[in-house]
Amino acid sequence: MRQPGAYSGLLAGGISGKTGPHSLPLARIKKIMKNSNDEVKMISGEAPIVFSKACELFIEELTKRAWMMTLQAKRRTLHREDVASAVMNIDIFDFLVNLVSENSGKSEDPQPVTEA
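Model, not experiment: these values are computed from the prediction. (Residues numbered from 1 in each chain as written. Predicted model: local features only at pLDDT ≥ 70, side-chain atom pairs only at ≥ 80, totals over all residues. Heavy atoms only, no water.)

Trainee: I would appreciate a short explanation of the overall build of the protein chain in the present structure.
Mentor: The helix and strand inventory of the protein chain stands at five helices and zero strands. Along its sequence from the N terminus, the protein chain presents helices and strands in the succession α-α-α-α-α. Taken over 116 residues, the protein chain has a buried fraction of 20%. A separation of at least 24 residues holds for 36% of the contacts in the protein chain among residues at least 6 apart in sequence. Carbon and sulfur atoms make up 57% of the accessible area of the protein chain, which totals about 9000 Å². (Helix = DSSP H or I, 4+ residues; strand = E, 2+ residues; numbered from the N terminus. Buried < 20%, exposed > 50% of the residue type's maximum accessible area, 1.4 Å probe, protein only. Contact = heavy atoms within 4.5 Å. Areas by Shrake-Rupley, 256 points an atom, 1.4 Å probe, with all protein chains shown as cover.)

Written out as structure tokens, the structure is:
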């Protein structure tokens, strides 16, 4: 019989946003998934859990890269400009370049992108 792997560990806490190893709200993740495409109608209970973990890993990686920019600037507080620098300087974050370049110098929340 197959032994439970890392994926099974993600599911061990259930799908509630308050329990388990995930800390992002699963209902919000599911809503984003459904709104991403009109053809997406049904989403299994496990899919948002996997997305939650992926989001956590993404945030951790971007934060580490932005923190390096903070240290290079000889500061101890991570600023928006540090995140923008990390995005601009690291190829894996190229999909975010428009987000940080459009909002450079602005302090308000980014506006949602709408497709034509």
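Trainee: Before we go on, may I ask you to explain the environment of Met-88 in this structure?
Mentor: Tracing the sequence through the fold places Met-88 in helix α4 (residues 80-89). According to the relative accessible area criterion, Met-88 is partly exposed, its value standing at 46%.

Trainee: What should I look at first to understand the pattern of salt bridges in this one?
Mentor: Here the structure, examined in full by the defined rule, presents two salt bridges. Measuring nitrogen to oxygen at the nearest pair gives 2.5 Å for the salt bridge that ties Asp-82 to Arg-75. (Salt bridge = Lys/Arg side-chain N within 4 Å of Asp/Glu carboxyl O.)

Trainee: In this structure, what is going on with the confidence of the model for the protein chain? I would like to understand it.
Mentor: Note that predicted coordinates carrying low pLDDT should not be read in detail. Scored by pLDDT, the protein chain comes out at a mean of 81, with 69% of its residues at no less than 70. Predicted confidence for residues 13-19 stays below pLDDT 50, and this span has 12 contacts to residues more than four positions away or in other chains. (pLDDT = per-residue confidence, 0-100.)

Trainee: So what exactly am I meant to see when it comes to the packing of aromatic side chains here?
Mentor: One pair of aromatic rings is described through two measures. These are the centre distance and the angle between the planes. Here the structure, examined in full by the defined rule, presents two aromatic pairs. Seen from their ring centres, Phe-58 and Phe-95 are 6.1 Å apart, and the 45° between their planes marks the pair as tilted. In this pair, Phe-58 sits in helix α3 (residues 47-72) while Phe-95 sits in the loop between α4 and α5 (97-102), placing the two residues 37 residues apart along the sequence. Judged by its relative accessible area of 32%, Phe-58 falls in the partly exposed class. Ring-pair connections join several aromatic residues into one group, and the members of that group are Phe-58, Phe-93 and Phe-95. (Phe/Tyr/Trp six-rings, centres within 6.5 Å; stacked < 30°, edge-to-face > 60°.)

Trainee: Whenever I open this one, the packing of α3 against α4 confuses me. Can you help?
Mentor: One way to put it is that α3 packs onto α4 with a least axis distance of 8 Å and a crossing angle of 110°. Judged by the angle between their axes, α3 and α4 are roughly perpendicular. In this structure, α3 contributes Leu-62, Arg-65, Ala-66, Met-69 and Thr-70 to the contact, and α4 contributes Asp-82, Val-83, Ser-85, Ala-86, Val-87 and Asn-89. Residue composition of the contact of α3 with α4, by class: six nonpolar, three polar and two charged. (Axes fitted to C-alpha atoms, helices over the stretch in contact; angles between N-to-C directions. Parallel < 35°, antiparallel > 145°, perpendicular 65-115°, else oblique. Nonpolar A, V, L, I, M, F, W, Y, C, P; charged D, E, K, R; others polar.)

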